[in-house]
Amino acid sequence: SDSITRGTLTSSPTTLGPWENVRTGVFPLPPPGFEDSATTAARVRSLTLVYLPVYALGTLGDWMQGGHLYALYHEYGYSITHIGHLFAFGYSSAALLGTYAAAFGDRCGYRACVTLYGVSYSVVCLLMNFNSSGLLILGRIFGGVSYSLLYVSFES
């Protein structure tokens, strides 16, 4: 074609085979909005500096709470069987509502999902302060929802 010159860049489409570009030295221009690797690396670094602290705080809260729940329920006077049921409520709600949490993130955005995680986790922490089976069960259900939101939101 007339717009292709040996050893130059061109923005017009070519009909060259896959190795012809290498042989002739004719390469298409990058698409509009293309960034070089230095710009991409800077953007990745910036995103990492924002992402990692928020993710670390979210998971740290979940990990710290998990180890102390048994002791809290035991201090409230619940038997090991009842404590097992409370944990089962949390895991069951995570299993049942996890799919919907992912769909919520796809539909409403993952920033809203992270915000909802913070709110629901706050509800969990609030409900743990009451020695009432009903409120503790509700707290474990919110805990399952929070767990699903935590791992769906940040991993996307």
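Keep in mind it's a predicted model, so treat the numbers as computed, not measured.

Draft legend 1. Highlighting empty space enclosed by the protein. Per the counting criterion, the structure on display carries one cavity of 30 Å³ or more. In this structure, the largest cavity occupies an estimated 40 Å³ of space. Y73, V124, L127, M128, L135, L136, G139 and R140 are the residues that line the largest cavity. Of all the secondary structure elements, the ones that give two or more residues to the lining of the largest cavity are helix 4 (110-127) and helix 5 (133-155). Across the lining of the largest cavity, the residue classes tally to six nonpolar, one polar and one charged.

Draft legend 2. Here's a closer look at the packing of helix 2 (residues 37-75) against helix 5. Where helix 2 meets helix 5, the closest approach of the two axes is 11 Å, and the angle between their N-to-C directions is 155 degrees. As judged from the angle between their axes, helix 2 and helix 5 are roughly antiparallel. For the crossing formed where helix 2 meets helix 5, the hand is left-handed. On helix 5, the residues touching Y51, V54, Y55, G58, T59, D62, W63, L69 and Y73 of helix 2 are L136, R140, Y147, L150, Y151, F154 and E155. For the contact of helix 2 with helix 5, a count of residues per class yields eleven nonpolar, two polar and three charged.

Cut-offs used in this document
Residues numbered from 1 in each chain as written. Predicted model: local features only at pLDDT ≥ 70, side-chain atom pairs only at ≥ 80, totals over all residues. Heavy atoms only, no water. 1 Å grid on protein atoms, 1.4 Å probe; cavity = no way out; pocket = protein on both sides within 12 Å on 5 of 7 lines; lining within 4 Å. Points joined across faces, edges and corners; volume = space filled by probe spheres on them. Helix = DSSP H or I, 4+ residues; strand = E, 2+ residues; numbered from the N terminus. Nonpolar A, V, L, I, M, F, W, Y, C, P; charged D, E, K, R; others polar. Axes fitted to C-alpha atoms, helices over the stretch in contact; angles between N-to-C directions. Parallel < 35°, antiparallel > 145°, perpendicular 65-115°, else oblique. Left-handed = near helix turned anticlockwise from the far one by under 90°. Contact = heavy atoms within 4.5 Å.

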